[in-house]
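# Structural overview for review
Listed here are the chains, written in short residue letters.
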Amino acid sequence: MTNAITAGRGLDDAARALLYTEARTANSFAPTPVRDEELAQIWELARWAPTAANTQPLRVLFVRTDEGRARLVEHMSEGNKEKTASAPAVAVLAVDPRFHDHIPALLPFRPELRDVFEANEPMRKHTGDFNAALQAGYFILAVRSLGLAAGPMAGFDADGVDAEFFSDGGRRSTLVVNIGHPGENPWFDRLPRLDPAESVSWA
Ligand SMILES: Cc1cc2nc3c(=O)[nH]c(=O)nc-3n(C[C@H](O)[C@H](O)[C@H](O)COP(=O)(O)O)c2cc1C
């Protein structure tokens, strides 16, 4: 059976530019709304990307009401408040510290791995944080793939956000991502990337 993978075609140059080479981090947003269907579509894409033992520890809170945004802006760093205030939608990405409870359903051929994680806090924390960070990267690319701009930010008071939004489930917020269409002067100057020779070696 032929599918997108076996056809072996890859994305065209325009799609690669949209995701990588021409994509930018937006610092201001137009008032153009982002529909809930678009936000749902971001996750519908991102959720298929791989994680270790299929653990999928990332959780997403979409904030898109004035009231919710005001609650979130309170906890953003000074330099990030205006950006989040201008974004029509914002995603709070968080780690579920009980992600391993889902293992019997997500990894049905090795359900006992749940108990291995339960008994080993350092391994649980490392796996949760590492794979949630991977999923955060997939999330940003999913935003871009829909023709939307993303503005990821680590500059916020995570304890404050967790108390504000996650007081019941114990989630730990790791990244806030502004989502929308670019506004006035949305980009900073493009910063250089390391030359491949500085990052890549071959064996
Ligand atoms: C994990 C992460 C945290 C970031 N935190 C902030 C932040 O707190 N405030 C901010 O203005 N930009 C933040 N950024 C934006 C980066 O500075 C920006 O994505 C990077 O310089 C690349 O910019 P470009 O996509 O326009 O080339 C963050 C980006 C990432 C991926």
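Placed above this text is the structure.
Within each chain, residues carry numbers counting from 1 in the order of the written sequence. With the structure being a predicted model, the display of local features is reserved for residues of pLDDT at least 70 and the display and counting of side-chain atom pairs for 80 or more, all residues being used for whole-chain, interface and lining totals. Hydrogens and waters are ignored; side-chain quantities use all the structure's heavy atoms.

## What about the packing of aromatic side chains?
Stacked, edge-to-face and tilted labels apply to pairs of Phe, Tyr and Trp rings (six-membered ring for Trp) whose centres lie within 6.5 Å, assigned for plane angles under 30 degrees, over 60, and everything in between, in that order. Here the structure, examined in full by the defined rule, presents 3 aromatic pairs. Look at tryptophan 43 and phenylalanine 139: their rings are 6.5 Å apart centre to centre, the planes differ by 40 degrees, and that puts the pair in the tilted class. Of this pair, tryptophan 43 sits in helix H2 (residues 36-46) while phenylalanine 139 sits in helix H7 (residues 121-145); the two residues are 96 residues apart in sequence, bridging distant segments of the chain. Accessible area is worked out with a 1.4 Å probe on protein chains only. A residue is then buried under 20% of its type maximum, exposed over 50%, and partly exposed in between. Using a relative accessible area of 0% as the deciding quantity, one classes phenylalanine 139 as buried. Aromatic side chains phenylalanine 99 and phenylalanine 117 sit 5.4 Å apart centroid to centroid with 70 degrees between the ring planes, which places their arrangement in the edge-to-face category. Of the two residues, phenylalanine 99 is situated in the loop between strand S2 (89-95) and helix H5 (103-106) and phenylalanine 117 in helix H6 (residues 113-119); the sequence distance between them amounts to 18 residues. Here phenylalanine 99 matches phenylalanine 117 in class, with each residue buried. Grouping aromatic residues by their ring pairs yields a cluster made of Trp43, Phe62 and Phe139. Only DSSP runs of H or I reaching four residues or more are called helices, and only runs of E reaching two or more are called strands; each is numbered from the N terminus.

## Some words on the nonpolar core
Side chains of a nonpolar character, in soluble globular proteins, are inclined to be buried together. Core analysis: the largest hydrophobic core is formed by 20 residues, its most contacted members being Ile42, Leu93, Phe139, Val143, Val177 and Ile179. Those elements giving two or more residues to this core turn out to be H2, S2, H7 and strand S4 (172-180). Ranked by residues supplied to this core, first place goes to H7 with 6 residues. Not counting chain neighbours up to four residues away, the residues in contact with phenylalanine 139 comprise Ile42, Trp43, Ala46, Val60, Phe62, Ala91, Leu93, Val177 and Ile179. The term nonpolar core refers to a set of buried residues drawn from Ala, Val, Leu, Ile, Met, Phe, Trp, Tyr and Cys, joined through side-chain atoms within 4.5 Å. Contacts: residue pairs with any heavy atoms within 4.5 Å of one another.

## Considerations on the site of the ligand
Put simply, a residue is near a molecule or strand once any heavy atom of it comes within 4 Å of that molecule or strand. In the vicinity of the ligand, the contacting residues are Arg24, Thr25, Asn80, Lys83, Pro152, Met153, Ala154, Gly155, Leu175, Arg190, Leu191 and Arg193. By the criterion applied in these results, polar contacts are pairs of N or O atoms within 3.5 Å in which, for protein atoms, one can donate a hydrogen and the other can accept it, and in which residues neighboring in sequence qualify only through two side-chain atoms. A distance of 2.9 Å separates a nitrogen atom of the ligand from a polar backbone atom of alanine 154. Within the side chain of arginine 193, one N or O atom sits 2.9 Å away from an oxygen atom of the ligand. Exposure was quantified through the Shrake-Rupley algorithm and a 1.4 Å probe, taking into account, for residues, occlusion by the shown protein chains and nothing else. Considering the ligand on its own, with 630 Å² of exposed area, one finds that the protein chains cover 63% of that surface. For the shell around the ligand, the elements supplying multiple residues, two or more each, are helix H4 (78-86) and strand S3 (149-153). Each residue receives one of three labels: charged for Asp, Glu, Lys and Arg, nonpolar for Ala, Val, Leu, Ile, Met, Phe, Trp, Tyr, Cys and Pro, and polar for the others, Gly being one of them. Split by residue class, the shell around the ligand holds 5 nonpolar, 3 polar and 4 charged.

## As for the layout of surface pockets
Of the two site types, the cavity is a set of points on a 1 Å grid over the protein atoms alone where a 1.4 Å probe fits but cannot get out, and the pocket is an open set with protein on both sides within 12 Å along at least five of seven lines, each lined by residues with an atom within 4 Å of a point. Grid points are joined across faces, edges and corners, and a volume is the space filled by probe spheres set on the points. Of the pockets and cavities examined, the largest pocket occupies roughly 290 Å³. Surrounding the largest pocket, Ala4, Ile5, Gly10, Leu11, Leu19, Leu141 and Ser145 form its lining. Looking at the lining of the largest pocket, its residues break down into 5 nonpolar, 2 polar and no charged. Its boundaries defined by the atoms lining it, the second largest pocket holds a volume of some 210 Å³. If you trace the second largest pocket, you find 15 residues lining it, with Arg24, Thr25, Asn27, Phe188 and Leu191 closest to the centre. With 3 residues, the single largest contributor to the lining of the second largest pocket is S3. Across the lining of the second largest pocket, the residue classes tally to 6 nonpolar, 3 polar and 6 charged.

## Side note on H2
Along H2, the residues that are buried comprise Glu38, Leu39, Ile42 and Ala46. Along the axis of H2, the buried residues cluster in a sector spanning 105 degrees; they form a single face. Elements in contact with the buried residues of H2: strand S1 (58-63), S2, H7 and S4. Note: the arc covers the axis-to-C-beta directions of the helix.

## A word on the sheet that holds S3
Any two strands with at least two DSSP-identified bridges between them are counted as paired. The strand order across the open sheet formed by 4 strands is S1-S2-S4-S3, and the pairing between neighbours is antiparallel. The strands lining the two open edges of the sheet, one partner per strand, are S1 and S3. The average angle at which neighbouring strand axes cross in this sheet is 25 degrees, direction not considered. Strand direction decides the pairing type here: S3 and S4, joined by 5 bridges, are antiparallel. If you follow methionine 153 over to S4, its bridge partner there is valine 176. Only the stretch in contact is used when fitting a helix axis, every axis being a line fitted to C-alpha atoms; angles between N-to-C directions are given from 0 to 180 degrees.

Purely spatial values, then, with no claim about function.
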